[in-house]
Amino acid sequence: ALDNDPAQVDFMRRFGNVVFYGDAARLELLRAAQADKAEIFVIATEDPEANLRTARLLKRHFPQLKVFARARNRQHVFRLMDLDVGYIVRDTYFSSLELARGVFEALGYDRRAADGYVQQFREHDERLLREQYPVYDDAAALLQSAQEARADLEQLFRADIGRGEDD
């Protein structure tokens, strides 16, 4: 593990973990930590710019690594995709889906229906993320895509609710 928080490094070392102190976006630290012998590298810092610097360095100097990264938001995801990071998880995405599921249940939907709505949204959002990637740096195209996607999602849910009422 690599961490630039001395208290966290000390804490992790007390549990027997091998931890290097410093900035993972520094090539000499990555070499000292033997990144060249690793199979997987997980980037999970709080700072999106530091994550991008680290990912760029890893891809350039350690192309054999499978890079997993935490992203703060969609724009951060797109920038990690530019670097060909293979596995990206958005910080608040899954917790937001769980909150939505809870809200559906609190509104009286059964667990199966709530799960279905959350899954529909998830599939829609993941498809939208892939579709928006080629235009993420074009504000007008991104806005148009988001507006169209919102209308599509509203129509999808209206149609699904309508089917449920007819059953």
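Given the structure is predicted, the values throughout are model-derived calculations rather than measurements. (Residues numbered from 1 in each chain as written. Predicted model: local features only at pLDDT ≥ 70, side-chain atom pairs only at ≥ 80, totals over all residues. Heavy atoms only, no water.)

Trainee: Give me the lowdown on a nonpolar patch on the surface, citing residues and values where you can.
Mentor: A cluster of nonpolar side chains, contributed by Val 103, Leu 107 and Tyr 109, occupies part of the molecular surface with about 280 Å² of accessible area. Among the structural elements, Val 103 can be located in helix H5 (residues 93-106). (Patch = residues over 30% accessible without salt bridge, like charges linked within 9 Å, V, L, I, M, F, W, Y side chains within 5 Å. Areas by Shrake-Rupley, 256 points an atom, 1.4 Å probe, with all protein chains shown as cover. Salt bridge = Lys/Arg side-chain N within 4 Å of Asp/Glu carboxyl O. Helix = DSSP H or I, 4+ residues; strand = E, 2+ residues; numbered from the N terminus.)

Trainee: Residue-level account of the packing of helix H3 (residues 48-61) against helix H4 (residues 74-82), with values.
Mentor: In a pair of packed helices, the angle between the axes and the distance between the axes together describe the arrangement. Two elements in contact, H3 and H4, have axes whose closest approach is 10 Å; the angle formed by their N-to-C orientations is 10 degrees. With respect to H4, the axis of H3 lies roughly parallel. Residues Pro 48, Glu 49, Asn 51, Leu 52 and Ala 55 of H3 touch H4, and the partners they reach there are His 76, Arg 79 and Leu 80. (Axes fitted to C-alpha atoms, helices over the stretch in contact; angles between N-to-C directions. Parallel < 35°, antiparallel > 145°, perpendicular 65-115°, else oblique. Contact = heavy atoms within 4.5 Å.)

Trainee: Tell me about the sheet that holds strand E5 (residues 87-90), and please be specific about residues and values.
Mentor: Whenever strands of a sheet pair, they do so through backbone hydrogen bonds, lying parallel or antiparallel. If you walk across this open sheet you meet the three strands as E3-E4-E5, and the pairing is parallel. Each of the sheet's edge strands pairs with one partner strand only, and the pair in question is strand E3 (40-43) and E5. Going from strand to strand, the sheet's axes swing by 15 degrees on average, the running direction of each strand aside. Pairing analysis gives four bridges linking E3 to strand E4 (residues 66-71), with the strands arranged parallel. Note on E4: the bridge partner recorded for Ile 40 is Lys 66. (Pairing = 2+ DSSP bridges.)

Trainee: Give a detailed account of the environment of Leu 156, specifying residues and quantitative values.
Mentor: With respect to the secondary-structure elements, Leu 156 resides in helix H7 (residues 139-166). Residue Leu 156 is classed as partly exposed on the basis of its relative accessible area, which comes to 32%. Separated by 35 residues in sequence, Leu 156 and Phe 121 have C-alpha atoms that sit 9.4 Å apart. (Buried < 20%, exposed > 50% of the residue type's maximum accessible area, 1.4 Å probe, protein only.)

Trainee: Explain empty space enclosed by the protein residue by residue, including any values.
Mentor: Where empty space is left becomes clear once a probe the size of a water molecule has been rolled over the atoms. The full count for this structure, using the stated rule, is one cavity of 30 Å³ or more. Estimated volume of the largest cavity: approximately 30 Å³. Looking at the largest cavity, the residues that line it are Thr 45, Glu 46, Asp 47, Pro 48, Asn 51, Arg 70, Ala 71, Arg 72, His 76 and Asp 91. A class-by-class count of the residues in the lining of the largest cavity yields two nonpolar, three polar and five charged. (1 Å grid on protein atoms, 1.4 Å probe; cavity = no way out; pocket = protein on both sides within 12 Å on 5 of 7 lines; lining within 4 Å. Points joined across faces, edges and corners; volume = space filled by probe spheres on them. Nonpolar A, V, L, I, M, F, W, Y, C, P; charged D, E, K, R; others polar.)

Trainee: Account for unusual backbone geometry, with residues named and values stated.
Mentor: A positive phi is found at Gln 34, a non-glycine position, where the angle reads about 60 degrees. Its identity as a non-glycine residue notwithstanding, Asp 84 has a phi of 65 degrees, on the positive side. When you line up the elements, Asp 84 lands in the loop between H4 and E5.

Trainee: Any chance you could break down the packing of H5 against helix H6 (residues 111-132) for me, citing the residues and the numbers?
Mentor: Here H5 crosses H6 at 145 degrees, and the two axes come no closer than 9 Å. H6 is crossed by H5, and the crossing has right-handed handedness. In this structure, H5 contributes Tyr 93, Phe 94, Leu 97, Ala 100, Arg 101, Phe 104 and Glu 105 to the contact, and H6 contributes Arg 111, Ala 114, Asp 115, Tyr 117, Val 118, Phe 121, Arg 122, Asp 125 and Glu 126. Tallied by class, the residues present in the contact of H5 with H6 amount to nine nonpolar, no polar and seven charged. (Left-handed = near helix turned anticlockwise from the far one by under 90°.)

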